[in-house]
Amino acid sequence: MRRLVNTALAAALLASAGSARAQVLAALDREGGIPSGLTLPVPGIAAAEEPSGLGSTPAAAGFVRRLTLQWFREVDAGEEGSRADGLYAAAGLGPLSLGASQEWVRPGDAGGRRYRKGTLALSAGDARTFSLGFAWNRFSSPDPVVEPLSSWDAGLTVRPHRHLSLAAAALGRDAWLGGRRLPSRWILGVATRLLGDGLTLSADLVADDRARDDFHATHLAFGAAAELRRGVALSAQIAVPLREEAGRPPDPSAVVALSWNGPTLGLTGGLAPLPGRTGGLFGLRSSAERYRAPSTPSVAAAVDLREELRPGRVLVFTVGDRDPYGRLLARLAALRSDPDVAVVLLKIEKLPLGPGRVEELRAVVRSIQERKPVLAWLAGGGTKEYWLASAASAIAAPPGATVEITGIATSRLYLRDALARLGVAFEVVARGAWKSAPEPLVRSGPSPEAREVADALLDDLFGRFLADVAAGRGLPAERVRELVDRGLLGAEEAKEAGLVDAVLWPDELEGWASSRSGLRTRLVRRHEPAPARAAQRWGPTPAIEVVRVDGTLVSGESRSLLGSRLAGAETVARQLRRAAGDRSVKAIVLRIDSPGGDGLASDLVWRAVVRARTRKPVVASMGDAAASGGYLAAVGADAIVAEPSTLTGSIGVFALKPDLSGLLGKLAAVRESRRRGEVAELDSAAKPWSPAERAAVERRIAAFYSLFVDRVAEGRGLSRAEVEEVAGGRVWTGRQAFDRRLVDRLGSLADAVALARERAGIPPGDPVELRRAGAEALSLPGLDVPGDASHLDLLLAAWPEAGALPLLAEMGPVLALPAEWVLPAP
């Protein structure tokens, strides 16, 4: 008898409808007696991208990157109306996303069957362009017919373009009820997103297989969702039957909902007008992803610049981001656009930055000020740190602090005579009258050309410093010069002189931020805003990749040595090849912060840049320095952007070899050598160059210099004679180089990215992903020293000549000719 009842019940269910999961049809399924989920406001399966969309397609979970929770209650407005509650969750883990839901359905009539539907979904996708998902459904109920019911779903959503989404889903597969197979449902959907991603329109074709793998179209469903002002969104879906089915009225059914969206919280209320009755809907949302919504700024975001620039370290390992300066720029850019942040507070101490990057940070500070105040708390540092602080809306210093604006100076230690006492000398061949890099080892003092260049650089930098501080503080340039000549001022003195606005203890900064912003703010030491919801924008996001040439150019892989960064030609070339071959990367920005180095390594990087630009635009961006080999690498790009204070140019070349014959004589060492070939001992450090050896080196240096000039002439569109006028090893500031057509524009990394975007043809309003090649790394013990606060770093900062000794070892054999500097390019 029980089997007969179960069979009859199953037959009635089969006659009424298929095992539906499409949201607006869920109520119709339950009305026909089929256990199903809640009726939820999802416009269509191609637009399903929240946990509540799991009932339409398991692919919905693949568009959720951070944990999102939703709860909905559905209420029938009839006298014996049913009640249903649903809890939905999804979160991403790398390329995978996990979704889960529990739905409790309680029919209002006495004969209704209570049940609970559980769903577990797993999807793979990238949250923007595609998601492939599978889900397993399990029903439980006091009713013995419903209790064993289970099924599985599959769904695929593809978003090849910003305005197009295509989806397909198979729902309720392998569902058996009372010994009979239930029909599966097929849904094909298309959607478009328009008006700045604020309007979504969708259409679905719904069919079932009539329990025999058929395709029997039953409904057309149309949906729309529009984001209105102040975080209000309106959505609707209507399902129109294509034919009259047994037990199902031909009238259309709909779901209409109005939502209020906060950045991470949301509320939804709606109605479900169904044939013969109307249901109500209410829901809540909490998300770790940020929805587009208005926000009340209440955060004073504190940024400790020195801490931000310190590489991560665990025990003896250097870990994490190998580009802390790039990370700092990215963080400041995020704070600029973060609607929760009312004011940015910068803590400034002694910073490991040169004038070029100081000017770049000043530009970032000014860009933030376009939207919100930037306050600087000057806890230490000197002239360059104050130069940066002067771009802020206001400056404060702690009581008892000394404000140091002592000016700009440069120095070199000339070692020829000191080394001669030890019996050590250096042989040098240089091409370019201003190529003064080897002078400290071969002269007792600077050449006239070296003095000329130093004075020109100092005049340019100091003049710009005076102008920037005068403009930032509202003081005459003459007054700023007077204060610089005083040099050291106490915090109160600096306030009286107009150099700072307030003298404050650290615990007074929160109140200062509130008073300057005019809002009640709370000081947050490490503000991490919720990331924007990735699924808000469909389709692949074009990328611009930043490839760094960071440090002295050498052969092999990039590495660090005693606190000095070495840019390996193989590493840089490999990153350029990878970026050039990546279809999602539309342009490359070559970020150069290098004084030069190995000639062959520089030429290999130049070659990789030239090859990359045949496939996509390449823009060079210069930081503190892009000189000599660093500049050679830059001229391979389509365009060059430099800071006004960037040290660049130095179009010249030299070779250097130690001569230890005097030292060996003092030690009474006896050397005997035999050779076959006039220049066989070219690389010997135990003797000076013979005339023949020097002539050989001079020929190769002349050849490389000629090659360098040709590279610059080709890359800059200049004649050889025009290049010769600005070459000769002379170093220029970025502004001087711009006047001489060695660079195309003056600006920051952000300006270089904007130029790359323009050259790649990316529309101004479209979002762009900015990638940093090789930013993450793990260094082995002893091979990398953090660039902040170590005793060795302080020594090298005070005596930069000492840092040249280990670098010479990287240029070639330490006691031999650095042959890589003079070999011709392949």
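Preceding this section is the structure that the text describes.
Residues numbered from 1 in each chain as written. Predicted model: local features only at pLDDT ≥ 70, side-chain atom pairs only at ≥ 80, totals over all residues. Heavy atoms only, no water.

Novice: Residue-level account of helix H5 (residues 355-369), with values.
Specialist: Taking 1.5 Å of rise per residue, the 15 residues of H5 would be expected to cover 21 Å, and the 21 Å separating its terminal C-alpha atoms lies within 8% of that figure. Buried within H5 are the following residues: Gly356, Arg357, Val358, Glu359, Glu360, Leu361, Arg362, Val364, Val365 and Ile368. (Helix = DSSP H or I, 4+ residues; strand = E, 2+ residues; numbered from the N terminus. Expected span 1.5 Å × (residues − 1). Buried < 20%, exposed > 50% of the residue type's maximum accessible area, 1.4 Å probe, protein only.)

Novice: Kindly report on the pattern of salt bridges, identifying the contributing residues and their values.
Specialist: Inspection of every chain in the model, using the stated rule, returns 55 salt bridges. Residue Arg310 is joined to Glu307 by a salt bridge in which the shortest nitrogen-to-oxygen separation is 2.3 Å. Arg331 is the salt-bridge partner of Glu308, the closest N and O atoms lying 2.6 Å from each other. Within this pair, whereas Glu308 is found in helix H3 (residues 305-308), its partner Arg331 is found in helix H4 (residues 324-337), the two being separated by 23 residues in sequence. For the pair Glu308 and Arg331, a shared accessibility class is recorded, and that class is buried. Linked by salt bridges that have partners in common, Asp323, Arg548, Asp550, Arg565 and Arg772 make up one network. (Salt bridge = Lys/Arg side-chain N within 4 Å of Asp/Glu carboxyl O.)

Novice: Help me get a handle on the packing of helix H9 (residues 448-473) against helix H10 (residues 477-486), residues and values and all.
Specialist: Between H9 and H10, the least distance of the axes is 9 Å, while the angle of their chain directions is 110°. Looking at the two axes, H9 sits roughly perpendicular to H10. Here H9 and H10 pass one another in a crossing that is right-handed. Residues Phe462, Phe465, Leu466, Val469 and Ala470 of H9 form the contact with H10, whose own contacting residues are Ala477, Val480, Arg481 and Val484. In terms of residue class, the contact of H9 with H10 is made up of 8 nonpolar, no polar and 1 charged. (Axes fitted to C-alpha atoms, helices over the stretch in contact; angles between N-to-C directions. Parallel < 35°, antiparallel > 145°, perpendicular 65-115°, else oblique. Left-handed = near helix turned anticlockwise from the far one by under 90°. Contact = heavy atoms within 4.5 Å. Nonpolar A, V, L, I, M, F, W, Y, C, P; charged D, E, K, R; others polar.)

Novice: So what about the nonpolar core? Which residues, and what values?
Specialist: Within soluble globular proteins, side chains that are nonpolar tend to cluster in buried spots. Leu332, Leu346, Ile348 and Leu499 are the most contacted members of the largest nonpolar core, which totals 63 residues. Filtering out sequence-adjacent residues up to four positions away, Ile348 remains in contact with Leu305, Ala376, Trp377, Leu378, Ala379, Gly380, Glu385, Leu388 and Ala389. If you look at the next biggest cluster of nonpolar residues, it comprises 57 residues, including Ala567, Phe704, Phe708 and Ala737. (Core = buried A, V, L, I, M, F, W, Y, C linked by side-chain atoms within 4.5 Å.)

Novice: Which residues make up the sheet that holds strand E29 (residues 552-554), and what values do they have?
Specialist: Strand-to-strand pairing in sheets goes through backbone hydrogen bonds, with the strands running parallel or antiparallel. Pairing is mixed across the open sheet formed by 3 strands, whose spatial order is E29-E31-E30. Strand pairing shows two members of the sheet lacking a second neighbour, E29 and strand E30 (559-561), which therefore form its edges. Across the sheet, the mean angle separating the axes of adjacent strands is 40° when strand polarity is ignored. Inspection of the sheet shows E30 paired to strand E31 (residues 564-568) by 3 bridges, in the antiparallel sense. Pairing of Arg559 across the sheet is with Leu566, part of E31. Most of the contacts of helix H13 (residues 569-581) go to E31, to which it runs at about 55°, and overall it touches E29 and E31. (Pairing = 2+ DSSP bridges.)

Novice: A description of the packing of H13 against helix H14 (residues 599-613) should follow, citing residues and the corresponding values.
Specialist: Two elements in contact, H13 and H14, have axes whose closest approach is 9 Å; the angle formed by their N-to-C orientations is 0°. What the angle tells us is that H13 and H14 run roughly parallel. Side by side, H13 and H14 meet where Ala569, Val572, Ala573, Leu576 and Ala580 of the first sit next to Ala601, Leu604, Val605, Ala608, Val609 and Ala612 of the second. Looking at the contact of H13 with H14 residue by residue, the classes come out as 11 nonpolar, no polar and no charged.

Novice: Describe the sheet that holds strand E22 (residues 394-397), naming the residues involved and giving the relevant values.
Specialist: A sheet is described by the order of its strands in space; here 6 strands give the open sequence E26-E22-E21-E20-E17-E27, paired in parallel fashion. Each edge of the sheet is formed by a strand with only one pairing partner; in this case those strands are strand E26 (502-503) and strand E27 (522-524). Of the pairings in the sheet, the one linking strand E20 (residues 341-348) to strand E21 (residues 374-378) comprises 5 bridges and is parallel in character. Across the sheet, the residue bridging to Leu346 is Ala376, located in E21. Each of strand E17 (299-304) and E20 touches H4; the most contacted strand, E17, lies at about 170° to it.

Novice: Which residues make up the packing of aromatic side chains, and what values go with them?
Specialist: All chains considered together, the criterion is met by 5 aromatic pairs. Aromatic side chains Phe72 and Tyr88 sit 6.4 Å apart centroid to centroid with 65° between the ring planes, which places their arrangement in the edge-to-face category. With Phe72 in strand E1 (residues 68-76) and Tyr88 in strand E2 (residues 83-93), the pair connects residues that are 16 residues apart, well separated along the chain. Accessibility expressed as a relative area gives 4% for Phe72, which makes it buried. Put simply, the rings of Trp387, Phe462 and Phe465 touch in pairs and so form one group of aromatic residues. A cation over a ring is seen here: Arg357 above Tyr325, with NZ or CZ 5.0 Å from the ring centre. (Phe/Tyr/Trp six-rings, centres within 6.5 Å; stacked < 30°, edge-to-face > 60°. Lys NZ or Arg CZ within 6 Å of the ring centre and 35° of its normal.)

Novice: So what's going on with unusual backbone geometry? Which residues, and what values?
Specialist: One can expect most non-glycine residues to show negative phi and most peptide bonds to be in trans. At Asp174, a position not held by glycine, the phi torsion is positive, near 55°. Considering the arrangement of structural elements, one finds Asp174 in the loop between strand E7 (164-173) and strand E8 (176-177). Positive phi, normally seen in glycine, also occurs at Ser628, with a value near 50°. Within the secondary structure layout, Ser628 lies in the loop between strand E33 (618-627) and helix H15 (629-634). Looking at Ser628, the relative accessible area reads 11%, which means it is buried.

Novice: Outline helix H20 (residues 749-759), supporting the account with residue identities and numerical values.
Specialist: If you check which residues of H20 are buried, you get Leu749, Ala752, Val753, Leu755, Ala756 and Arg757. Among the residues trailing H20, Gly761 stands out with phi positive, at a value near 75°.

Novice: For a positive patch on the surface, give the residues involved together with the corresponding values.
Specialist: Together, Arg577, Arg607, Arg611 and Arg615 make up a region of like positive charge exposed at the surface. Here Arg577 lies in helix H13. (Patch = residues over 30% accessible without salt bridge, like charges linked within 9 Å, V, L, I, M, F, W, Y side chains within 5 Å. Areas by Shrake-Rupley, 256 points an atom, 1.4 Å probe, with all protein chains shown as cover. Lys, Arg positive; Asp, Glu negative; His and termini not counted. Charge placed at Lys NZ, Arg CZ, Asp CG, Glu CD.)

Novice: Go over the side chain of Asp659, please, and point to the residues and values.
Specialist: By the element assignment, Asp659 lies in strand E36 (residues 653-659). Buried charged residue Asp659 carries no salt bridge. Nearest counter-charge: Lys657, at 5.5 Å. A polar atom in the side chain of Asp659 sits 2.8 Å from the side chain of Ser661. For Asp659, the residues in contact, after removing those within four places along its chain, are Gly423, Val424, Ala425, Phe426, Glu427, Ala685, Ala686, Lys687 and Pro688. (Polar contact = N/O pair within 3.5 Å; in protein donor to acceptor, adjacent residues only side chain to side chain.)

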